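# Survey of secondary and tertiary structure
Listed here are the chains, written in short residue letters.
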Amino acid sequence: MATINWYPGHMAKSRRMLIEQLRAVDAVVELVDARAPLSSANPDLRGLTRGKARLLVLNKADLADDAVTSRWLEYFREKNVMAMRFNSNGGRVKEMLERIARATQPAVERAAARGVKKTVRLMVIGIPNVGKSTFINRLNGSAVAKASDRPGVTRAKQWVKLGPYLEMLDTPGMLPPRLDDQKRAQNLAFLGSVRDQILDTQELAGALLRRLLELRPDLARARFKLAETALNEEGEALPLADPSLPDEALLEAACKGRGWLLSGGRFDMERGAALVLDEFRAGKVGKISLESPEV
């Protein structure tokens, strides 16, 4: 695949805004995608917020492999990182608010010692399309923050009052200025955290199918109705797992299996690529984690 990098101008502006607002907050809630917690964590954000109480949220946990997510939580516990799984579309709101109260308790107690009933202020940070606005809306119980399933929707800061003594700051998604680890960059592209418009989506979808066949061949074969073999450029039938088989052939196999065809029986590669990516991102292929702590 071609090198993946995406750092539009608004992200540099968001970085400056984040630095300016840090003095006003008591703690940071960092959201990562439970399907790829390391790839979807921005080291730049972690460095900028050092010294603040921090809660790590493995969001979209309903789309990830439950057993792998449990191992990730153990991994973070061993590193003394307060972490929990969460699905922004439902459940665990009470537990999340309890975790937030625990993370901000020292600041509340310091204020109480001065006779002040403190309003706790939190900053929600993370890469694009990790679910920050949806997370805030879920805790609030109504849609107060603009949310979308594509990256780059939140462009400005937005304070949201969640209670008489709790406020959250929704921030725009930020990627590192450089994506040097291309395996992680590819994970971000699979998850939709990099704009599809700057990528070759057919190339990306073929690479995703290869990864899914490595991780959960049973789910990938069932969802895309894949045959046991596909044709290479020379017209030879090879097993789908054969590393010499080009990614394009895997996308063709998915188009054939699902009937994504144009007139004359030609493969509709553009439609096929869009649907392979959309169905994975929406969890329709199954509960699949792209990385595990053992690796």
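Each chain carries its own residue numbering, running from 1 in the written order of its sequence. Per-residue local features are limited, in this predicted model, to residues with pLDDT of at least 70; the limit for side-chain atom pairs, both in listing and counting, is 80 or more; totals at the level of whole chains, interfaces and linings are taken over all residues. Only hydrogens and water are set aside when side-chain values are computed; all heavy atoms of the structure are taken into account.

Looking now at helix α1 (residues 9-21). The end-to-end C-alpha distance of α1 is 19 Å, a good match for the 18 Å that 13 residues give at a rise of 1.5 Å each. Burial in α1 covers these residues: His-10, Met-11, Ser-14, Met-17, Leu-18 and Gln-21. Across the axial projection of α1, the buried residues extend over an arc of 115°, all falling on one side. Exposed residues lying more than 90 degrees from the buried face of α1 are Gly-9, Lys-13, Arg-16 and Glu-20. On its buried face, α1 is in contact with α2 (43-48), β4 (120-126), β5 (158-163) and β6 (166-170). Helix and strand assignments follow DSSP, with helices taken as H or I runs no shorter than four residues and strands as E runs no shorter than two, numbered in order from the N terminus. One less than the number of residues in a helix, times 1.5 Å, gives the span that helix is expected to have. Working definition: with a 1.4 Å probe on protein chains only, accessible area under 20% of the residue-type maximum means buried, over 50% means exposed, and in between means partly exposed. Note: the arc covers the axis-to-C-beta directions of the helix. It only takes one pair of heavy atoms within 4.5 Å for two residues to be counted as in contact.

This paragraph deals with the packing of helix α7 (residues 201-215) against helix α10 (residues 269-281). Packing of α7 against α10 leaves a shortest axis separation of 9 Å and a crossing angle of 50°. Taken together, the axes of α7 and α10 lie oblique to each other. Of the two possible hands of crossing, α7 and α10 adopt the one that is left-handed. The segment α7 lies against α10, with Thr-201, Gln-202, Leu-204, Ala-205, Leu-208, Leu-209 and Leu-212 engaging Met-269, Glu-270, Ala-273, Val-276, Leu-277, Phe-280 and Arg-281. Under the scheme applied, nonpolar residues are Ala, Val, Leu, Ile, Met, Phe, Trp, Tyr, Cys and Pro; charged residues are Asp, Glu, Lys and Arg; polar residues are all the others, including Gly. Across the contact of α7 with α10, the residue classes break down as 10 nonpolar, 2 polar and 2 charged. Fitted lines through C-alpha atoms give the axes, limited to the stretch in contact for helices. The angle between two N-to-C directions lies from 0 to 180 degrees. Put simply, angles under 35 degrees are roughly parallel, angles over 145 are roughly antiparallel, angles from 65 to 115 are roughly perpendicular, and the rest are oblique. It is the rotation of the near helix from the far one that decides the hand of a crossing: anticlockwise by less than a right angle makes it left-handed, clockwise makes it right-handed.

Interhelical geometry of helix α6 (residues 182-191) versus α7 gives an angle of 105° and a closest axis separation of 10 Å. Put simply, α6 runs roughly perpendicular to α7. Between α6 and α7, the contacting residues are Lys-183, Gln-186, Asn-187, Ala-189 and Phe-190 on the first element and Leu-204, Ala-207, Leu-208 and Arg-211 on the second. Among the residues making up the contact of α6 with α7, the classes are represented as 5 nonpolar, 2 polar and 2 charged.

Turning to the pattern of salt bridges, a few remarks are in order. Pairing is possible between side chains that carry opposite charge, provided their charged atoms lie close to one another. A carboxyl oxygen of Asp or Glu within 4 Å of a side-chain nitrogen of Lys or Arg is what we treat as a salt bridge. The final tally for this structure, using the stated rule, is 19 salt bridges. A salt bridge links Arg-99 to Glu-95, with the nearest nitrogen and oxygen atoms 3.8 Å apart. A residue pair is termed a helical-turn pair when its members lie 3 or 4 positions apart in one helix, as Arg-99 and Glu-95 do in helix α4 (residues 93-113) at 4 residues. Given a relative accessible area of 17%, Arg-99 falls into the buried group. Note that Arg-281 is salt-bridged to Asp-196, the shortest N-O span being 2.9 Å. A residue pair is termed long-range when its members are at least 10 positions apart, and Arg-281 in helix α10 and Asp-196 in the loop between α6 and α7 qualify at 85 residues.

Within 6.5 Å between ring centres, the rings of Phe, Tyr and Trp (the latter by its six-membered ring) count as paired, and their orientation is classed by plane angle as stacked under 30 degrees, edge-to-face over 60, tilted in between. Under the criterion given, the structure shown has 5 aromatic pairs. Members of the aromatic cluster, each reached through a chain of ring pairs, are Trp-72, Tyr-75 and Phe-76. Only lysine NZ and arginine CZ atoms are considered, and such an atom sits over a ring when it is within 6 Å of the ring centre and within 35 degrees of the ring normal. Here the guanidinium or amino end of Arg-35 rests over the ring plane of Phe-280, the centre of that ring lying 5.4 Å away. Over the face of the ring belonging to Tyr-165 we find Lys-117, whose NZ or CZ atom lies 4.9 Å from the ring centre.

Quick look at the layout of surface pockets now. The method works on a 1 Å grid over the protein atoms by themselves. A cavity is a set of points holding a 1.4 Å probe that cannot get out, a pocket is an open set with protein on both sides within 12 Å along at least five of seven lines, and residues with an atom within 4 Å of a point line them. Grid points are joined across faces, edges and corners, and a volume is the space filled by probe spheres set on the points. The calculated volume of the second largest pocket comes to roughly 360 Å³. If you go around the second largest pocket, you meet 20 residues; those closest to its centre are Lys-183, Leu-290, Glu-291, Ser-292 and Val-295. When residues of the lining of the second largest pocket are traced back to their parent elements, those giving at least two are α3 (66-78), α6 and α7. Tallied by class, the residues present in the lining of the second largest pocket amount to 7 nonpolar, 4 polar and 9 charged.

The subject of this paragraph is the pairing of strand β1 (residues 27-33). With 7 of its 7 residues buried, β1 lies for the most part within the structure. Neither face of β1 is exposed, since Ala-27, Val-29, Leu-31 and Asp-33 on one face and Val-28, Glu-30 and Val-32 on the opposite face are all buried. In this analysis, strands are considered paired if DSSP registers two or more bridges between them. Of the pairings in the sheet, the one linking β1 to strand β2 (residues 53-59) comprises 7 bridges and is parallel in character. Among the inter-strand pairings, Val-28 is bridged to a residue of β2, identified as Arg-54. Relative to β4, β1 runs parallel, the two sharing 5 bridges. Its bridge partner being in β4, Leu-31 is matched across the sheet by Gly-126.

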